[in-house]
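Chain by chain, the residues run as shown.
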Amino acid sequence: MSPIAKVSSSVRVDPEDNLAAARKLLADTIGIDSHIDTIQRVLLGGDLGKREDAGHVDLPRLREGGMRAPFFALWVPVFFRGAEAVRRTLDLRDAMQSVLDAYKDQIEMATTAADIVRIVNAGKIAALLTIEGGHTIDDDLHVLRMYYRLGIRSMTLTHARNTNWADSSSDTPAHNGLTDFGKQVVREMNLLGMLVDLAHVSDKTFFDTLAVTTKPVIVSHSSMRAISNVPRNVSDDMLRALARNGGVIGINFGMGFINPKDAEKLRSATNTESEAPPLTGKALDEYAAENAQKLFGTRATVVATVEDVADHIDHAVKVAGIDHVGIGSDFDGIAATANGLEDVSRMPALVAVLLKRGYAESDLKKIMGENHLRLVREVTGE
Ligand SMILES: [Zn+2]
């Protein structure tokens, strides 16, 4: 989740012949997106069963875009603190459950790679559940373990602010990376079979985690600093370390992540979310709803295009290797996406651009899902 404004223009850059081939490739692949923030829209009254104009993702658009196994993030803004963050996580988990219950014939929760394959082969959307923000465990491994039991299989160690045990990329360093308790969190996630997600963490937290983890990690929604130099993106050194670890990065489509001309808005937006109001319960929920309206309710223009997104993929593949790159759009957590990728239904446009650039179909299948599937298999144990 990156709080920024919304896109209005729509640019089609893909030639129709490549688009048909892209659709076929996606139909033959289990399309995995390692980060969407869609479930917050359900908490605010959205219905994922209908094709809506609002937001970037719903069940019809997932099918249209060929992304049949998204990671649904339970994103808890950092102004939810302590027990309030635990409550918000449970509220979001319940919102997810309401979708799973209402549309049993269309979507099912997946907790392993085998689940993802089985559910998608049955013609449904496979939902892998993740948590965005390590503050949600309220510094308590018991809470983490119960999240696992609720089906959650991944967690970012931080969001936009430091936790009490890990530094964030968008905050002033307080712990010199990961504390001893932070290392315990990583080890516990390894033992449980949860993906350790290093999107949002500071560089020092990133490298500290790689020194501790016994499993490959995920960077679920970040892009390339070599192209857009913002702290939320990763450096080439981080990419090489990720490849040595066996991990996978999901490329973020959000404004500022992709094109340096949009990046200044990302810098300024990250800070607004960090100011915590002295509220609890319903009043805090109402504040969160207003905040979401502010972040996602207005449209702004962006410079970034689907071609720019392809540039990030090219760079990641060049530095980390073809086995370590995937898609992590951040749909519904970014108010502005790249032009040409306005919502998840437009995914074939990205595949068409990559086909045009000469990627082999087998390599594109890795990027569009197979790498993430392998990672889930290695971490969850099946
Ligand atoms: Zn995020």
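Since the model is a prediction, treat every value here as computed from it, not as a measurement.

**Points about the side chain of His324**
By the element assignment, His324 lies in the loop between α12 (306-320) and β9 (325-327). In this structure the side chain of His324 is engaged in a polar contact, spanning 2.8 Å, whose partner is the backbone oxygen of Gly247. Excluding anything up to four places from it in sequence, His324 contacts Leu242, Ala243, Gly246, Gly247, Val248, Ile249, Asn371 and Arg374.

**Points about the packing of helix α13 (residues 347-356) against helix α14 (residues 361-380)**
The description of two helices packed together rests on the angle between their axes and the distance between the axes. Axis separation between α13 and α14 bottoms out at 11 Å; the angle between their running directions is 145°. Considering only the axes of α13 and α14, their crossing is right-handed. Between α13 and α14, the residues in contact are Met347, Val351, Leu354 and Leu355 and Glu361, Leu364 and Met368, respectively. Each residue belonging to the contact of α13 with α14 can be placed in one class, and the counts come to six nonpolar, no polar and one charged.

**What to know about α12**
Helical geometry: 3.6 residues make up each α-helical turn, so side chains three or four residues apart lie on a common side. For α12, spanning 15 residues, the distance from its first C-alpha to its last is 21 Å, which sits close to the expected 21 Å at 1.5 Å a residue. α12 sits mainly inside the fold: 11 of its 15 residues count as buried. As for α12, its buried residues are in contact with α9 (236-245), β8 (248-251), β9, α13 and α14. Gly321 occupies a position one or two residues after α12 and carries a positive phi of about 105°.

**Comments concerning the packing of α12 against α13**
Between α12 and α13, the least distance of the axes is 10 Å, while the angle of their chain directions is 60°. It follows that α12 is oblique to α13 by the angle criterion. Crossing hand, α12 versus α13: right-handed. Here Val306, Glu307, Val309, Ala310, Ile313 and Asp314 of α12 lie close against α13, whose contacting residues are Ala349, Leu350, Val353, Leu354 and Lys356.

Quick notes on the rules
- Residues numbered from 1 in each chain as written.
- Predicted model: local features only at pLDDT ≥ 70, side-chain atom pairs only at ≥ 80, totals over all residues.
- Heavy atoms only, no water.
- Helix = DSSP H or I, 4+ residues; strand = E, 2+ residues; numbered from the N terminus.
- Polar contact = N/O pair within 3.5 Å; in protein donor to acceptor, adjacent residues only side chain to side chain.
- Contact = heavy atoms within 4.5 Å.
- Axes fitted to C-alpha atoms, helices over the stretch in contact; angles between N-to-C directions.
- Left-handed = near helix turned anticlockwise from the far one by under 90°.
- Nonpolar A, V, L, I, M, F, W, Y, C, P; charged D, E, K, R; others polar.
- Expected span 1.5 Å × (residues − 1).
- Buried < 20%, exposed > 50% of the residue type's maximum accessible area, 1.4 Å probe, protein only.
- Parallel < 35°, antiparallel > 145°, perpendicular 65-115°, else oblique.

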